[in-house]
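Summary of structural features
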Amino acid sequence: MQTVVIVIHLMIVAVMIGAVLLQKSEGGGLGMGGGAGFMSSRGTANLLTRTTAVLAVGFFLTSLFLSWYAGYDRKPSSIIGQPSQTQPAGGAPIAPPTSGGILDSLKKADEQQQNQAPAGPQVPRSQ
């Protein structure tokens, strides 16, 4: 479903870019006037303006749908996590902080991990 909407979204984007680039300049931009080209009639400008407006609405709707669909099954979660879920590589659980902040508890966990004896040969860590 999401792939189909993304393909439609990209097709709308490509056609909208083309429609905007085909429109006649109304002066001001980079000092270039409109000039007399094959897009000089006012009827064509109305068609391109309406086409651009319809494509912009389609772009807006597909963008809203994609953002809604991306967050449809998302459940709120904590970036800190639960104490039972956070275990360092050594296997000892990190105790919840009794005082101080999250940085203090991370420092304690790092110290606990460094105090444990290595199980085998270790690669030297650069400081």
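In this text, all values refer to a predicted model and were calculated from it rather than measured experimentally. (Residues numbered from 1 in each chain as written. Predicted model: local features only at pLDDT ≥ 70, side-chain atom pairs only at ≥ 80, totals over all residues. Heavy atoms only, no water.)

1. Considerations on the environment of Val5
Within the secondary structure, Val5 sits in helix α1 (residues 2-22). Residue class for Val5 comes out buried when judged on its relative accessible area of 12%. (Helix = DSSP H or I, 4+ residues; strand = E, 2+ residues; numbered from the N terminus. Buried < 20%, exposed > 50% of the residue type's maximum accessible area, 1.4 Å probe, protein only.)

2. Topic: a nonpolar patch on the surface
A surface patch of nonpolar side chains, amounting to about 600 Å² of accessible area, comprises Ile79, Ile80, Ile102, Leu103 and Leu106. Position of Leu106 among the secondary structure elements: in helix α3 (residues 102-115). (Patch = residues over 30% accessible without salt bridge, like charges linked within 9 Å, V, L, I, M, F, W, Y side chains within 5 Å. Areas by Shrake-Rupley, 256 points an atom, 1.4 Å probe, with all protein chains shown as cover. Salt bridge = Lys/Arg side-chain N within 4 Å of Asp/Glu carboxyl O.)

3. Considering the packing of aromatic side chains
A complete count under the given rule lists four aromatic pairs for this structure. Both rings, one in Phe65 and one in Trp68, keep their centres 5.8 Å apart while their planes meet at 40 degrees; by these two values the pair is tilted. Of this pair, Phe65 and Trp68 both sit in helix α2 (residues 42-70), three residues apart, which is roughly one turn of that helix. Accessibility expressed as a relative area gives 24% for Phe65, which makes it partly exposed. Between Phe65 and Tyr69, the aromatic rings sit 5.8 Å apart at their centres with planes inclined by 20 degrees, giving stacked as the arrangement. With a gap of four residues between them, Phe65 and Tyr69 both fall in helix α2, about one helical turn apart. By the ring-pair criterion, three or more aromatic residues cluster together here, those being Phe65, Trp68, Tyr69 and Tyr72. (Phe/Tyr/Trp six-rings, centres within 6.5 Å; stacked < 30°, edge-to-face > 60°.)

4. Description of the environment of Gly58
In this fold, Gly58 is placed in helix α2. Gly58 gets classed as buried once you look at its relative accessible area, which sits at 18%. As for Gly58 and Val13, which are separated by 45 residues in sequence, their C-alpha atoms are 9.2 Å apart.

5. Here we look at the UniProt feature "transmembrane region" (unreviewed entry) in the chain
In the numbering adopted here, UniProt assigns the feature "transmembrane region" (unreviewed entry) to residues 6-22 and 47-70. With 100% helix and 0% strand, the stretch residues 6-22 has end C-alpha atoms that lie 24 Å from each other. Helix makes up 100% of residues 47-70 and strand 0%. Its end C-alpha atoms lie 34 Å apart. (UniProt positions renumbered as here; feature names shortened; annotations may be inferred.)

6. Regarding α1
Here α1 contains 21 residues, and its C-alpha end-to-end distance of 30 Å stays within 8% of the 30 Å for a straight helix at 1.5 Å per residue. What α1 keeps buried is the set Val5, His9, Ile12, Met16 and Ala19. All buried residues of α1 lie within an arc of 90 degrees about the axis, which places them on one face of the element. Exposed residues lying more than 90 degrees from the buried face of α1 are Thr3, Leu10, Met11, Ala14 and Leu21. (Expected span 1.5 Å × (residues − 1). Arc of directions from axis to C-beta.)

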